Amino acid sequence: MSVYTVHEPPMRAGKAASEVERFAFVRDGFSWWAFLFAPLWMLRHRMWLVLVGYVAVAAAIEIPVRLSGAPAITASLIGILLGLLVGFEAGTLRRFTLDRRGWKNLGVVSGADLEDAERRFFDAWLRRANLPAGVLRQPTPPPAPAAPIQRPPHGPAVIGLFPEPGAPR
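Given the structure is predicted, the values throughout are model-derived calculations rather than measurements.

A. Examining the pairing of strand E1 (residues 2–8) more closely. When you tally the buried positions in E1, you get 6 out of 7 residues, the bulk of the element. Across 7 bridges, the pairing between E1 and strand E3 (residues 104–111) is antiparallel. Its bridge partner lying in E3, Glu8 is registered against Lys104. The pairing of E1 with strand E2 (residues 24–28) spans 5 bridges and is classified as antiparallel.

B. Main features of unusual backbone geometry. If you check the backbone angles, Arg46 has positive phi at about 55° while not being a glycine. Within the secondary structure, Arg46 is located in the loop between helix H2 (38–44) and helix H3 (48–67).

C. Expanded view of helix H5 (residues 90–100). Every buried residue of H5 is accounted for by Ala90, Gly91, Arg95, Thr97 and Leu98. Each buried residue of H5 lies within a common arc of 160° when the element is viewed along its axis, so the set occupies one face. Facing away from the buried side of H5 by over 90 degrees, the exposed positions are Asp99 and Arg100. The inward-facing, buried residues of H5 abut E1, E2, helix H1 (32–36), H2, H3 and helix H4 (72–88). In the segment just after H5, Gly102 is the residue with positive phi, at about 90°.

Reading guide: rules and limits
- Per-chain numbering applies: the sequence of each chain, read as written, is numbered from 1 onward.
- Under the rules for a predicted model, residues below a pLDDT of 70 receive no local features and side-chain atom pairs below 80 are neither given nor counted, while totals for whole chains, interfaces and linings still include all residues.
- Note: side-chain values were computed over all heavy atoms of the structure, leaving out hydrogens and water.
- Relative accessibility under 20% of the residue-type maximum defines a buried residue, over 50% an exposed one, and the middle range a partly exposed one, all with a 1.4 Å probe and only protein chains included.
- Only runs of H or I of at least four residues qualify as helices and only runs of E of at least two qualify as strands under DSSP, and these elements are numbered from the N terminus.
- Two strands pair under a simple rule: DSSP has to find at least two bridges between them.
- Comment: arc refers to directions from the helix axis out to C-beta atoms.
- The contact criterion used is simple: two residues touch if any of their non-hydrogen atoms lie within 4.5 Å.

Printed below as a string of structure tokens:
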């Protein structure tokens, strides 16, 4: 089962309701496309700030390695490790970009694949939408205040094993 976060785009001018066909389902987990083709994957998802950060980090790491005269395998290994990092964090990078653009996170859903996750999410979403007006929007009432604790009448004034001075014996 894969886990997806669901994101709703910001409302366009003149639209009264959400455009469900524009919802984004971002899968959590390793992305082979982001690992193998990181810059192209970032361009495909229009992640400009992430791409600039990736290029800056890659340059800051690889330029000194190449200038130091290290073997070519070292630069290649660093590139592979940077690609692995992007592959593991691909979902987080997409969620970061969507959040910066004003998309609202609607929740988390799991499914065998994207189609199953979409079906589960929209089934639950439509069930909530078909409830009578105000059912979901009413806040739960605060808990009733607790009744004061009734203590038994005071017995002999004893603290521990020693009676209070002046207490009846």
